[in-house]
Amino acid sequence: MNISVDCADPYRLAQFWSQVLDLPVGAEDTPESDEVGIGVAEGQELLFLRVPEAKTVKNRLHLCLSPLSTRDAEVERLLALGATVVDDRRQPDGKGWVVMGDLENNEFCVLRSAAERAATGD
């Protein structure tokens, strides 16, 4: 199974997600490629596919990331990579998540880490 993301610039977006996930872009992929992949498991890829139309509405499917660091540290790291905050759903008690946008405004969420969830009994 693959997960495909339509986009204007597959190589650029794959480079961003490569940094987010700490996984390499396919060795054969180039900036001119119409399809760029990141291997996420044996025989499975996160694929970025060049399409002519721009994104116009909210994603119906998105990735949720549970970082090894804290949620807030991961949000700061992703902002430094060029992501944006779309909707901040963090709560005063430390629960919640952050909806972010990648370089082409595809939404994804940053959840609390397993350690953060365990600390509050969630």
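Attention here is on the structure that accompanies the text. Note on numbering: residues in each chain are counted from 1, in written sequence order. Residue-level local features of this predicted model are given only where pLDDT is at least 70; pairs of side-chain atoms are given and counted only at 80 or more, and the full residue set underlies all totals for whole chains, interfaces and linings. To get the side-chain values, all heavy atoms of the structure are used, and hydrogens and water are removed first.

## Here we look at the sheet that holds strand 2 (residues 35-41)
So, step 1. Pairing is mixed across the open sheet formed by three strands, whose spatial order is 1-3-2. Of all strands in the sheet, those bounded by a partner on one side alone are strand 1 (3-7) and strand 2. This sheet shows a mean twist of 20° between the axes of neighbouring strands, independent of strand direction.
So, step 2. What makes two strands pair is DSSP finding at least two bridges between them. Secondary structure elements follow DSSP: runs of H or I no shorter than four residues count as helices, runs of E no shorter than two count as strands, and numbering proceeds from the N terminus. Two strands pair when backbone bridges link them, and strand 2 and strand 3 (residues 44-50) are joined in this way by six bridges, in the antiparallel orientation. Bridge pairing in strand 3 links Gly-37 to Leu-47. Helix axes are fitted to C-alpha atoms over the stretch in contact, other axes to C-alpha atoms as well, and angles between N-to-C directions run from 0 to 180 degrees.

## Side note on the side chain of Asp-29
So, step 1. Examined against the element boundaries, Asp-29 turns out to sit in the loop between helix 1 (10-21) and strand 2.
So, step 2. Note on exposure labels: buried denotes an accessible area under 20% of the residue type's maximum, exposed denotes more than 50%, and partly exposed covers the range between, all computed with a 1.4 Å probe on protein chains only. We treat Lys and Arg as the positive residues and Asp and Glu as the negative residues; His and chain ends play no part in the count. The term salt bridge refers to a pairing of a side-chain nitrogen on Lys or Arg with a carboxyl oxygen on Asp or Glu at a separation within 4 Å. No salt bridge is formed by the buried Asp-29; the nearest opposite charge belongs to Arg-50, separated by 9.9 Å.
So, step 3. Polar contact is defined as a pair of N or O atoms within 3.5 Å, subject to the rule that within protein one atom must be able to donate a hydrogen and the other to accept it, and that residues adjacent in sequence are counted only when both atoms are side-chain atoms. A distance of 3.1 Å separates a polar atom in the side chain of Asp-29 from the backbone nitrogen of Gly-37.
So, step 4. Contact criterion: two residues are considered in contact whenever any of their non-hydrogen atoms come within 4.5 Å of each other. With sequence-adjacent residues up to four places away left out, Asp-29 is seen in contact with Tyr-11, Glu-35, Val-36 and Gly-37.

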